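Survey of secondary and tertiary structure
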Amino acid sequence: MKVIGWLFGAIVFNPLLWLGGLMPGINYVVRIHQERRQWRQAVDRDWFEGRHFIVALCGTLLLGIGGTLLVRVTVNWKWVLFFSLLAGGVALTNWWQNLTPLLICAPVGLALLTRNVGVLHAVLVCAVFIYFTQLILSLFGGRKVSPRMVRNRRHHFFARYEWRETTVLPVIVMMGTRHGTFPVILFLPVGIHRVIQEKTPTPVVRHLQAVTAVQCGLALGGSLTGSGGLQWGLSIALVVVSCYDIGNQWWRIHHHSPVVTAATDGIRVVAVHPATPAARMGLRPGDIVVTCNDVPVYNHRELYAALQRSAAYCRLRVRTMTGDMKLVESSLYAGVPHEVGIVTFPAAVYSRVGELK
C-alpha cells in the first residue's frame with residue numbers, strides 16, 4: 001500500500017505533469033487567437049490538442065515507466081534537478097517553439113564535456129523513449145493543421161500550415177544521495193512542430209518519421225553499448241542528426257516555394273471548416289474557386305454576393321492543386337446562405353498586391 005500511495009502522490013502532485021498538461025490548453029488558446037487575428041474566424045474550434053495529448057499519454061504511460069524501471073537509470077540529485085528545470089522550460093515555451101531536441105542535445109553535450117559515462121547512458125535511455133513517443137505522435141499524420149498568413153520580401157502573401165502535437169513521457173530514474181537511492185518520476189514534455197508548405201503533409205510526415213527512426217536507433221545503440229568510443233561516437237552522431245533536422249526545417253521554411261498563394265483567377269481556399277457545405281463538397285486547401293452559381297468570383301465579397309442568388313444550394317467550379325477542373329454543389333444551411341465554410345485571403349491582401357479585380 002505504501003508503494004501505491006507513493007506512486008499516486010508522485011504522479012498527481014508532480015509539477016512537471018501539471019506543466020505538461022498545460023501545453024495542449026495553451027496551444028489551443030494561441031491557435032484560436034492567431035486564426036481570429038489573421039482570418040477573422042477560428043478555422044477549427046475542436047480541441048484536438050487535448051484529445052491527441054491524452055491518446056499519446058495513454059500509449060506511453062506504461063512504456064515510459066515500465067521501460068525505465070527495467071533499465072534502472074541512476075543519476076545524482078544535481079542531474080535530476082537539471083533535467084527537471086530543463087523539462088519545465090521546454091513545457092512552458094512549447095506554445096512558441098518545440099524545444100524537445102534540447103532535452104536530449106543539452107544533457108548529451110554536458111555529459112560528453114564532463115566525461116560522465118553514467119549520465120550519458122541515462123540520457124540515451126531516456127532519448128530512446130522520447131523518440132519513440134515522437135513516432136507515436138507522428139501517427140496523427142498532420143491531419144489537424146492551422147493556417148498562418150505570411151508575407152515574403154516581395155510583399156506577396158501566402159499561407160503555410162503549422163502542425164503541433166504534444167504529450168508528456170513519464171520516466172522513472174533512481175536518484176542517488178548520501179542516504180541511499182530513491183526513485184523519482186519525471187514527466188518529460190515531448191512535442192512535434194512542423195511547418196507545411198507542400199501540397200500535402202505526407203512528405204513532411206515521412207521525413208519526420210525517417211529522421212526520428214534514425215535518432216531512436218542511434219540512441220538505442222548508444223544505450224546498449226558499454227562505455228567506450230562507440231558509445232561516444234553514437235552520441236555525437238545523435239547530436240549531429242538532431243542539428244541536421246533543425247537545419248532542414250529552417251531551409252524548408254525559408255527556401256521552399258509555397259503553393260498556397262493569393263490567386264488572380266479566383267478565390268484560393270486556405271482552409272475548410274469541418275462539417276460544412278465546403279467540407280461535404282470535398283474542397284481542399286489550395287483549391288481555387290473560379291465561379292459560384294455560374295458567376296466569376298475573385299474575392300470573398302463577390303463569393304458571398306453570388307451565394308445570395310440561391311438560398312438553397314451553391315454550385316462551385318473549382319480548380320484543384322493538380323490543375324484539374326471539377327464542378328461541385330451542395331445544399332446550404334437554412335437561414336444562413338453565406339455560410340459555406342471556406343477560409344480565404346482577405347480582400348485587403350488582393351488589393352495590396354494589385355490582384356483585386
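Data block above holds the structure.
Residues numbered from 1 in each chain as written. Predicted model: local features only at pLDDT ≥ 70, side-chain atom pairs only at ≥ 80, totals over all residues. Heavy atoms only, no water.

Focus on the pairing of strand 1 (residues 73-76)
So the rule is basically this: Three labels apply to residues, based on accessible area from a 1.4 Å probe with only protein chains included: buried if under 20% of the type maximum, exposed if over 50%, partly exposed otherwise in between. Here a helix means four or more residues in a row that DSSP labels H or I, a strand means two or more in a row labelled E, and each is numbered from the N terminus. A pair of strands is considered paired only if DSSP assigns at least 2 bridges between the two.
Judged by which residues are buried, strand 1 turns out to be one-sided: Val-73 and Val-75 face inward and are buried, whereas Thr-74 and Asn-76, on the alternate face, are not. Pairing between strand 1 and strand 3 (residues 157-177): 4 bridges, direction parallel. Bridged to Thr-74 within strand 3 is Met-174.

Let's talk about the nonpolar core
Put simply, the test is: We call a set of buried residues a nonpolar core when its members are Ala, Val, Leu, Ile, Met, Phe, Trp, Tyr or Cys and they connect through side-chain atoms within 4.5 Å of each other. Contact criterion: two residues are considered in contact whenever any of their non-hydrogen atoms come within 4.5 Å of each other.
Grouped together as the largest cluster of nonpolar side chains are 73 residues, with contacts concentrated most on Leu-186, Leu-188 and Phe-345. With 13 residues, helix 6 (residues 117-138) is the largest single contributor of residues to this core. Ignoring sequence-local partners within four residues, the contact set of Leu-186 consists of Leu-16, Val-80, Phe-83, Ser-84, Leu-169, Pro-170, Val-171 and Val-173.

Let's talk about the pattern of salt bridges
Selection criterion: Here, a salt bridge means any Lys or Arg side-chain nitrogen found within 4 Å of an Asp or Glu carboxyl oxygen.
The final tally for this structure, using the stated rule, is 10 salt bridges. Residue Arg-31 pairs with Glu-49 through a salt bridge whose shortest N-O separation is 2.6 Å. You can see Arg-31 sitting in helix 2 (residues 15-39) and its partner Glu-49 sitting in helix 3 (residues 48-71), a full 18 residues away along the chain. One network of salt bridges, with partners in common, ties together Arg-31, Glu-35 and Glu-49.

A short note on a nonpolar patch on the surface
Counted only if it meets this: Like charges are joined within 9 Å and nonpolar side chains (Val, Leu, Ile, Met, Phe, Trp, Tyr) within 5 Å, but only among residues with over 30% relative accessible area and no salt bridge; these make up the patches. Residue burial considers only the protein chains on display, and all accessible areas are found by Shrake-Rupley using a 1.4 Å probe.
On the surface, Leu-22, Ile-26, Trp-95 and Trp-96 cluster together to form a nonpolar patch covering roughly 430 Å² of accessible area. Structurally, the position occupied by Ile-26 is in helix 2.

Focus on the environment of Val-240
If you trace the backbone, Val-240 turns up in helix 8 (residues 229-255). Between the alpha carbons of Val-240 and Gln-215 there is a distance of 9.8 Å; along the sequence they are 25 residues apart.

Considerations on the packing of aromatic side chains
Operational definition: Stacked, edge-to-face and tilted labels apply to pairs of Phe, Tyr and Trp rings (six-membered ring for Trp) whose centres lie within 6.5 Å, assigned for plane angles under 30 degrees, over 60, and everything in between, in that order.
Evaluated as defined, the whole model comprises 4 aromatic pairs. Between the aromatic rings of Trp-79 and Phe-82, the centroid separation amounts to 5.8 Å while the plane-to-plane angle is 85°, which identifies the pairing as edge-to-face. Here Trp-79 pairs with Phe-82, and both are found in helix 4 (residues 77-92), just 3 residues apart, close to one helical turn. Here Trp-79 falls in the buried class, since its relative accessible area comes to 12%. Among the aromatic residues, those joined into a ring-pair cluster are Trp-79, Phe-82 and Phe-83.

Some points on the packing of helix 2 against helix 4
Basically, it comes down to this: What counts as an axis is a line fitted to C-alpha atoms, over the stretch in contact for a helix, and the angles between N-to-C directions run from 0 to 180 degrees. Reported orientations rely on four angle classes, namely roughly parallel under 35 degrees, roughly antiparallel over 145, roughly perpendicular from 65 to 115, and oblique for the rest. Note on convention: the crossing is left-handed when the near helix lies turned anticlockwise from the far helix by less than a right angle, right-handed when the turn is clockwise. Classes in brief: Ala, Val, Leu, Ile, Met, Phe, Trp, Tyr, Cys and Pro nonpolar; Asp, Glu, Lys and Arg charged; the others, Gly included, polar.
It is the contact of helix 2 with helix 4, at a shortest axis distance of 9 Å, that shows an interaxial angle of 20°. When the interaxial angle is binned, helix 2 and helix 4 end up roughly parallel. Crossing angle aside, the handedness with which helix 2 passes helix 4 is left-handed. Residues Leu-16, Leu-19, Gly-20 and Met-23 of helix 2 lie in contact with helix 4, whose contacting residues are Ser-84, Ala-87, Gly-88, Ala-91 and Leu-92. Here the contact of helix 2 with helix 4 is composed, by residue class, of 6 nonpolar, 3 polar and no charged.

Some thoughts on helix 5 (residues 100-114)
Definition in use: The span you would expect from a helix comes to 1.5 Å times its residue count less one.
For helix 5, which comprises 15 residues, the first-to-last C-alpha distance of 22 Å matches the rise-based estimate of 21 Å (1.5 Å per residue) to within 8%. Taken together, the buried positions of helix 5 are occupied by Thr-100, Leu-103, Ile-104, Cys-105, Pro-107, Val-108, Ala-111 and Leu-112. Here the buried face of helix 5 lies against helix 4, helix 6, strand 4 (180-196) and helix 8. Once helix 5 finishes, Arg-115 follows within two positions and takes phi at roughly 55°, a positive value.

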